[in-house]
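Each chain, written out:
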Amino acid sequence: MIVQCPHCGTKNRVPAVADGVPNCGNCHQPLPWVTDAGDDDFADVAERASLPVVVDLWATWCGPCRMVSPALEQLARDMAGRIKLVKVDIDRAPKLQERFAVQAVPTLLILRDGKIVARQAGAAPAPALRAWVEKALAGDA
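Described in the following lines is the structure provided in the data block. (Residues numbered from 1 in each chain as written. Predicted model: local features only at pLDDT ≥ 70, side-chain atom pairs only at ≥ 80, totals over all residues. Heavy atoms only, no water.)

Helix and strand content of the protein: four helices and seven strands. Reading the protein from its N terminus to its C terminus gives the helix and strand order β-β-β-α-β-α-β-α-β-β-α. Once the C-alpha set of the protein is aligned to its principal axes, its extents read approximately 45 × 30 × 30 Å. Residues counted as buried form 45% of the 141 residues belonging to the protein. For the protein, the exposed area adds up to about 7,300 Å²; of that, 50% sits on carbon and sulfur atoms. (Helix = DSSP H or I, 4+ residues; strand = E, 2+ residues; numbered from the N terminus. Buried < 20%, exposed > 50% of the residue type's maximum accessible area, 1.4 Å probe, protein only. Areas by Shrake-Rupley, 256 points an atom, 1.4 Å probe, with all protein chains shown as cover.)

Let's shift gears to the packing of aromatic side chains. Applying the stated criterion across every chain yields a total of one aromatic pair. Both rings, one in F42 and one in F100, keep their centres 5.7 Å apart while their planes meet at 65°; by these two values the pair is edge-to-face. Highlighted residues: F42 in helix α1 (residues 42-47) and F100 in the loop between α3 (94-99) and β6 (107-112), separated in sequence by 58 residues. Each member of the pair, F42 as well as F100, is classed as buried. Against the face of W58 rests K87, its NZ or CZ located 5.7 Å from the ring centre. (Phe/Tyr/Trp six-rings, centres within 6.5 Å; stacked < 30°, edge-to-face > 60°. Lys NZ or Arg CZ within 6 Å of the ring centre and 35° of its normal.)

Below, the discussion takes up the sheet that holds β6. Spatial ordering of the open sheet is given by β3-β5-β4-β6-β7, a layout of five strands whose pairing is mixed. The sheet terminates laterally at β3 (34-36) and β7 (115-121), the two strands that pair on one side only. Taken over all neighbouring pairs, the strand axes of this sheet differ in orientation by 20° on average, direction set aside. Relative to β7, β6 runs antiparallel, the two sharing six bridges. What sits directly across from L111, in β7, is I116. Lying on the sheet, helix α2 (residues 63-78) is in contact with β3, β4 (53-58), β5 (84-89) and β6; it crosses β5 at an angle near 160°. Taken strand by strand, helix α4 (residues 126-138) contacts β4, β6 and β7, and its axis lies near 25° from that of β6. (Pairing = 2+ DSSP bridges. Axes fitted to C-alpha atoms, helices over the stretch in contact; angles between N-to-C directions. Contact = heavy atoms within 4.5 Å.)

Structural data, given as structure tokens:
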């Protein structure tokens, strides 16, 4: 994935899987880390990530998912270097849908060291999403 640095505007290649935190090759500031995952690569992309991971379990036909997605992507930009956003289309990842018992979309998870530390089903406004993620990162979830 190519990401434009929000600090200097340089375009950077950000892999789905990497050790550490992606930084801009020019200004060395943390980059937003947003990627997709599916049944075959979820373990590598999300569960083995070095950062806490916000998992967005969504579907293309879901209206609330389309409302939440931009807020999550903005959150990933605002919290660059602190979180990784992994988007999973449940229609293309039936094993993950079953594993996480997704009954409503969007369903959001926060993983730390591969373990679920917070879960939320349904859409929420951007400030509520930010508060939920901050609380989970603080260890209060």
